[in-house]
Amino acid sequence: GINAEYGECQENYCQKHADFHDRSRATCDHHLVVIEDILESHQAFQMLHKRHYCLSHPKELVSLFCSDCEKAVCPRCAIGFHKSHDVTSIEEVYEHIKVKMEELKKKTESKIYSLKQSIVKI
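These notes cover the structure that comes with them. (Residues numbered from 1 in each chain as written. Predicted model: local features only at pLDDT ≥ 70, side-chain atom pairs only at ≥ 80, totals over all residues. Heavy atoms only, no water.)

## Here's the deal with the state of the cysteines
A covalent bond between the sulfur atoms of two cysteines is what we call a disulfide.
So, point 1. If you walk through the whole model with that rule in mind, you get zero disulfides.
So, point 2. Cysteine 66 takes part in no disulfide bond, and the closest cysteine sulfur to it belongs to cysteine 69, at a distance of 3.8 Å.
So, point 3. For cysteine 66, a relative accessible area of 0% corresponds to the buried category. (Disulfide = S-S within 2.5 Å. Buried < 20%, exposed > 50% of the residue type's maximum accessible area, 1.4 Å probe, protein only.)

## Overview of the sheet that holds strand 4 (residues 64-66)
So, point 1. Across the sheet, which stays open at both edges, the three strands sit in the order 5-4-6 with antiparallel pairing between neighbours. Looking at the sheet topology across the chains shown, the edges are occupied by strand 5 (71-73) and strand 6 (87-89). The average angle at which neighbouring strand axes cross in this sheet is 35 degrees, direction not considered. (Pairing = 2+ DSSP bridges. Helix = DSSP H or I, 4+ residues; strand = E, 2+ residues; numbered from the N terminus. Axes fitted to C-alpha atoms, helices over the stretch in contact; angles between N-to-C directions.)

## Some remarks on the side chain of histidine 57
So, point 1. One can find histidine 57 in the loop between helix 3 (42-48) and strand 4.
So, point 2. Those residues within four positions of histidine 57 in sequence are excluded, and the remaining contacts are Cys74, Arg76 and Cys77. (Contact = heavy atoms within 4.5 Å.)

Next up, the structure:
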C-alpha cells in the first residue's frame, strides 16, 4: 500500500518504490513524507498544505478534489472538464482521509497487539 509521499513531485509510493525514488539521480533530492507522520508532524502538515497552483491555469490555486479522476483541481477546471464529476473541497477530503487513517491505525495496532499475545502463548 501507499506509505509515502514526496512533496516536490506530489507522488505517492509504497516502500519499495520510495527506495527507488530516493536512489534516482533525478529525484534523490526530493523530501519524503511518511504517511503516518502526516498525522503527527506539523512540518509534514505544512509541506502538504503549501499553496499548489493548477497546471492548466497557473494563476489558480488548487482547492477542490475530483473523486472521479482522483485529482486535485482548481475552480476553473471544476466547472470545465470536471463539471459532470463528483467534486468536493480538498479540506473535506483531507478530513475524511485523516479520520479513515486514524481508524486504520487503531485497527492495525489492535491486530499487532493480538498477534503479540498469540506469540506469547506459543
